[in-house]
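Listed below, chain by chain, are the residues.
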Amino acid sequence: MKKHAGLTLIEVLIAGLLLAMALGVASVVFQQNDLQQRQAERILLRASQLDSVVNRIRYELQQGAVQGEWTLSDMPYAWQAKVIRSAAVAGAYDAESGGLTETNQQKSLYQVDVSSGDNPLYSFQLTL
Amino acid sequence: MTTRNGFTLIEMLVSLVILTSIMLLSSEAYRYFVVQLNQRQDSFNTVSEHFKRLKWLQHQIASTSMYYVTTVEGKKQLLFSGSKNALLWVSTTSVTKPGTGSVSAMAIEDGHLRYCEKVLDETFLTKANISQQDVCSEFSLNIVPATALTLEYYGWLDLTAQLSQNPINPVMNAASTATWQDKYFSSETGTLPGLIKMTVKNDTSSQEYWVQLHGLDPAKAGYFNNASSG
């Protein structure tokens with residue numbers, strides 16, 4: 001009489017299932033890692049542009065613009081600014097009135113919103 | 001009758017073939033994953049290192065100081081020499097020795113955007129005859145791989161033009177008398193530019209940086225209340 005002591009079909013199926021699950025989990029972990037690295041790289045590239053974006057917006061505000069669209073280092077940006085508060089710059093001390101004289105210069109506080117495509121990127125305030 | 005509990009030769013051979021194939025496939029897959037992971041990690045580290053170095057460089061330019069030296073004729077002049085492709089300036093900060101000022105220089109060298117500095121700690125620089133080579137002999141650092149550097153300066157042609165505009169915010173305003181120039185020598189203008197645009201090109205891309213000089217802008221500060229990146 002011959003006796004076969006091999007694996008049953010159920011055992012083989014369970015082993016296969018466990019193997020597939022392990023591989024599935026490993027590949028998900030790998031993919032997540034890869035995605036996160038890519039995202040971190042993108043964020044870093046954006047961050048490296050931040051100072052330049054603010055300085056360019058400040059410059060354009062000084063030139064009289066209140067909105068603009070341009071590409072900086074292959075990345076598209078759109079910005080718009082609105083005045084939140086504006087006040088005359090104080091001048092010299094006036095002994096007669098006991099206060100400060102007003103000058104014809106204005107200082108304004110701007111609310112600036114920057115986006116890229118449909119994604120809002122930054123929202124900040126600056127004075128000019 | 002004898003009972004054999006061991007494997008037959010055929011069973012052994014088949015199992016060996018299966019085991020070998022699985023090992024071969026898994027090692028290939030493993031190598032593929034690991035190589036990709038390492039490449040991604042290397043790329044991220046490079047981007048991160050470039051980011052850090054470019055920040056240093058921009059900070060050094062933004063911290064430009066109004067530093068006077070004496071010419072061979074005995075005249076006082078500001079030390080700031082900006083050409084189309086190179087810049088020599090004095091900064092209130094330094095990369096190598098925090099808390100001290102430095103004479104800084106940058107240009108393209110050996111396929112890189114190179115930053116150089118000479119720390120101003122014990123010996124102050126008094127003469128105007130310092131060159132890029134003098135500065136680079138002390139300390140140099142490759143910032144990013146680059147094939148070309150283009151500089152543009154937003155500034156005044158002379159001190160009178162600068163002083164004739166709004167004294168409250170002298171850097172830039174609506175009635176600014178400043179203009180864009182492709183070179184800026186303080187020995188000729190007697191003042192510093194307000195803004196510098198720097199374009200760094202390499203084989204694959206062109207990066208643009210706008211640096212505002214801190215010392216000249218009283219309104220400059222961190223105003224971010226909702227900064228995020230995407």
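Residues numbered from 1 in each chain as written. Chains lettered and ligands numbered in written order. Predicted model: local features only at pLDDT ≥ 70, side-chain atom pairs only at ≥ 80, totals over all residues. Heavy atoms only, no water.

Asker: Would you mind going over the sheet that holds strand β11 (residues 195–201) of chain B with me for this structure?
Answerer: In any sheet, the strands associate via hydrogen bonds between backbone groups, in a parallel or an antiparallel arrangement. Read across the open sheet, the four strands follow the order β9-β8-β11-β12 (chain B); overall the sheet is antiparallel. Where the open sheet ends on each side, the last strands, each with one partner, are β9 (179–181) and β12 (206–212) of chain B. Between one strand and the next, the sheet's axes are offset by a mean angle of 20°, whatever the strand orientation. Direction of pairing for β11 of chain B relative to β12 of chain B: antiparallel, over a ladder of seven bridges. Bridge pairing links isoleucine 196 of chain B to valine 211 of chain B in β12 of chain B. Sheet strands in contact with helix α1 (residues 9–62) of chain A are β8 (148–155), β9, β11 and β12 of chain B, and its direction is about 60° off that of β12 of chain B. In this fold helix α1 (residues 9–62) of chain B packs onto β11 and β12 of chain B, with an angle of close to 35° to the strand it touches most, β12 of chain B. (Pairing = 2+ DSSP bridges. Helix = DSSP H or I, 4+ residues; strand = E, 2+ residues; numbered from the N terminus. Axes fitted to C-alpha atoms, helices over the stretch in contact; angles between N-to-C directions. Contact = heavy atoms within 4.5 Å.)

Asker: Even after reading the chapter, I still don't get a nonpolar patch on the surface, so can you show me in this structure?
Answerer: Taken together, the side chains of Leu9, Ile10, Leu13, Ile14, Leu17, Leu18 and Met21 of chain A make up a nonpolar region of the molecular surface, amounting to roughly 760 Å² of accessible area. Within the fold, methionine 21 of chain A resides in helix α1. (Patch = residues over 30% accessible without salt bridge, like charges linked within 9 Å, V, L, I, M, F, W, Y side chains within 5 Å. Areas by Shrake-Rupley, 256 points an atom, 1.4 Å probe, with all protein chains shown as cover. Salt bridge = Lys/Arg side-chain N within 4 Å of Asp/Glu carboxyl O.)

Asker: I tried to follow the confidence of the model for chain B on my own but got confused; where do I start?
Answerer: Interpretation of the predicted coordinates at a detailed level should be avoided for regions scoring low in pLDDT. All names here are of chain B. Per-residue confidence for chain B averages 83 on the pLDDT scale, and 85% of its residues sit at or above 70. Scored below 50 in pLDDT, residues 170–174 makes 21 contacts in the model with residues more than four places away or belonging to other chains. A low-confidence stretch, residues 217–230 stays under pLDDT 50, and its non-local contacts, those more than four residues away or across chains, total 33 contacts. This complex was scored by the predictor with a pTM of 0.79 and an ipTM of 0.77. (pLDDT = per-residue confidence, 0-100.)

Asker: Just checking my understanding: could you explain the state of the cysteines for this structure?
Answerer: Two cysteines form a disulfide when their sulfur atoms are joined by a covalent bond. All names here are of chain B. Applying the stated rule across the entire model yields one disulfide over all chains. Bridging cysteine 116 to cysteine 136, the disulfide has an S-S length of 1.9 Å. Its torsion about the S-S bond being 85°, the disulfide of cysteine 116 and cysteine 136 is classed as right-handed. One end of the pair, cysteine 116, is in strand β6 (residues 112–120); the other, cysteine 136, is in helix α2 (residues 132–136), and 20 residues separate them in sequence. Cysteine 136 sits in the partly exposed class, given a relative accessible area of 26%. (Disulfide = S-S within 2.5 Å. Buried < 20%, exposed > 50% of the residue type's maximum accessible area, 1.4 Å probe, protein only.)

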